[in-house]
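Next come the chains, spelled out residue by residue.
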Amino acid sequence: MIVTAVAAERDAVTRVAPAGAPGDVVPLPLPGSQVLHRVRYASAPGAASATGAGDVLADVLAAGVGPAAASCGAATALTAAALAGAPYDLVVSAGIGGGIVRTEAAVPSSGPGPGPGTVVVATAVVAADLGAEAPDGFRPVTELGFGTVRHLPPEALVQAVAMATGALTGEVLTVSTVTGTAERAAELAARHPRAAAEAMEGFGVAEAAAAHGVPVLEIRAVSNAVGPRDRAAWRIPEALRALTSAFGMMVPALGNPASWKTVRTEDE
Ligand SMILES: O=C(O)c1cccc(C(=O)CC[C@H]2O[C@@H](n3cnc4c(=O)[nH]cnc43)[C@H](O)[C@@H]2O)c1
């Protein structure tokens, strides 16, 4: 299953499947008001196989903006699939995101730093603002004795997808408020030296996936730089094109679900 925030992101990831034929997107209503879009990704880029062997079926959901909407949508779809006797093998949080521009923050597989159109695959899905403010700084919920603030996608899968797509790898932060000042950007970067991108849904999707014992992956195509707010500078069409291209390349790299099974979580 693939969870995006908005319909434009959902359509960007379904555009390549199968071979771009929109009529092959099957709508599947979930309990409540949301609708999954079921698509079949060809096993080789641009080539729909005659038999369908090796193709990957995916349900894609535009669940809304922010971690709560993402978690709610993902959990509903995961539960519906489990009750139907067809649980998902993998949950992917996908969409556009802000790039944290700092060269040591990410390990490039190829290409430049996380500028517009760069794709980032998360090595960790991190809740960056889940905690408490204190006079001496921010404390994550884990320091308060609660829950987790990190989910770790299967490492082999992260590397395989990054290789196949030419993406950067790095931590992806989940925030409820888009960073809009240089001060906040610097604070987040200092707290998360391995962060490559920021978005608003990954941790919510990862919490739902973990509750169902399903591995998670997060993929973000950079639309803007994290820093002082300048919405006019967001390169959304370029980011959506990069997302489409990444999904076209990553599906053959997914390999055998048996190799994804390790669900690791780690406290900060
Ligand atoms: O207006 C449009 O056409 C359009 C098309 C696709 C997506 C959008 C959004 O506004 C999506 C919001 C979504 O983007 C993520 N995002 C992007 N940049 C950042 C950022 O710097 N910090 C945090 N989140 C970011 C986020 O996941 C939102 O859900 C519009």
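Keep in mind the model is a prediction, meaning the values are calculated, not measured. (Residues numbered from 1 in each chain as written. Predicted model: local features only at pLDDT ≥ 70, side-chain atom pairs only at ≥ 80, totals over all residues. Heavy atoms only, no water.)

J.: Looking at this structure, how should I read the environment of Arg-191?
T.: When you line up the elements, Arg-191 lands in helix α4 (residues 182–191). Within the structure, the side chain of Arg-191 is placed 2.6 Å from the side chain of Glu-187, a separation counted as a polar contact. (Helix = DSSP H or I, 4+ residues; strand = E, 2+ residues; numbered from the N terminus. Polar contact = N/O pair within 3.5 Å; in protein donor to acceptor, adjacent residues only side chain to side chain.)

J.: Would you mind showing me how to read the pairing of strand β7 (residues 119–127) here?
T.: Successive side chains on a regular strand alternate, one facing one side of the sheet and the next facing the other. Across the nine residues that make up β7, a large majority, eight, are buried. Relative to strand β13 (residues 216–225), β7 runs antiparallel, the two sharing three bridges. Counted as the bridge partner of Val-119 is Ala-221 from β13. Note: β7 against strand β11 (residues 168–174), six bridges, orientation parallel. (Buried < 20%, exposed > 50% of the residue type's maximum accessible area, 1.4 Å probe, protein only. Pairing = 2+ DSSP bridges.)

J.: How do you make sense of the confidence of the model for the chain when you look at a structure like this?
T.: A low pLDDT score tells you not to read the predicted coordinates there in detail. Per-residue confidence for the chain averages 89 on the pLDDT scale, and 86% of its residues sit at or above 70. For this predicted complex, the interface score ipTM comes out at 0.94, while the overall pTM is 0.92. (pLDDT = per-residue confidence, 0-100.)

J.: Looking at this structure, how should I read the pattern of salt bridges?
T.: A pair can form between side chains of opposite charge whenever their charged atoms are brought close. Per the stated rule, a full pass over the model turns up nine salt bridges. The partner of Asp-11 in a salt bridge is Arg-10, and the shortest N-O contact between them spans 3.1 Å. With a relative accessible area of 29%, Asp-11 lands in the partly exposed category. Among the salt bridges present, the one from Arg-220 reaches Glu-218, with a minimum N-O distance of 2.9 Å. (Salt bridge = Lys/Arg side-chain N within 4 Å of Asp/Glu carboxyl O.)

J.: Looking at this model, I keep getting lost on the site of the ligand. Mind explaining?
T.: Looking at the ligand, there are 18 residues lining it, with Glu-198, Met-200, Glu-201, Asn-224 and Trp-234 nearest. A distance of 3.1 Å is found between an oxygen atom of the ligand and a backbone nitrogen or oxygen belonging to Met-200. With respect to the ligand, the side chain of Glu-201 contributes an N or O atom lying 2.5 Å from an oxygen atom. Relative to its unbound accessible surface of 610 Å², the ligand loses 82% to contact with the protein. Its atoms largely coinciding with the cavity grid, the ligand occupies the second largest pocket. For the shell around the ligand, the per-class residue count stands at 10 nonpolar, four polar and four charged. (Near = heavy atom within 4 Å. Areas by Shrake-Rupley, 256 points an atom, 1.4 Å probe, with all protein chains shown as cover. 1 Å grid on protein atoms, 1.4 Å probe; cavity = no way out; pocket = protein on both sides within 12 Å on 5 of 7 lines; lining within 4 Å. Sits in = over half its atoms within 2 Å of the grid points. Nonpolar A, V, L, I, M, F, W, Y, C, P; charged D, E, K, R; others polar.)

J.: Which parts of the structure should I look at to understand the side chain of Glu-171?
T.: Along the chain, Glu-171 turns up in strand β11. The class for Glu-171 is buried, based on a relative accessible area of 4%. Ignoring anything within four residues of it in the chain, the contact list for Glu-171 reads Thr-123, Ala-124, Val-126, Arg-150, Arg-194, Ala-195, Ala-196 and Ala-197. (Contact = heavy atoms within 4.5 Å.)

J.: Looking at this model, I keep getting lost on helix α6 (residues 236–250). Mind explaining?
T.: It helps to recall that an α-helix has 3.6 residues per turn; residues three or four apart then point in one direction. Relative to the 21 Å expected for 15 residues at 1.5 Å per residue, α6 spans 21 Å between its end C-alpha atoms, a close match to the ideal helical length. The set of residues buried in α6 consists of Ala-239, Leu-240, Ala-242, Leu-243, Thr-244, Ala-246, Phe-247 and Met-250. (Expected span 1.5 Å × (residues − 1).)

J.: Mind showing me how you'd approach the layout of surface pockets here?
T.: Gaps left between atoms show up when a probe the size of a water molecule is rolled over them. One number sums up the size of the largest pocket: a volume of about 650 Å³. Of all the elements in the fold, those that place two or more residues in the lining of the largest pocket are β2 (26–29), β3 (35–41), β4 (56–62), α2 (67–83) and α6. Top element by residues in the lining of the largest pocket is β4. It accounts for four residues. Of the residues belonging to the lining of the largest pocket, the class tally is 26 nonpolar, three polar and four charged. Within this model, the second largest pocket holds a volume of roughly 380 Å³. Lining the second largest pocket are 23 residues; nearest its centre among them are Glu-9, Ile-96, Val-178, Met-200 and Trp-234. Of all the secondary-structure elements, those providing two or more residues to the lining of the second largest pocket are α1 (7–14), β5 (91–99), β12 (195–199), β13 and α6. (Points joined across faces, edges and corners; volume = space filled by probe spheres on them.)

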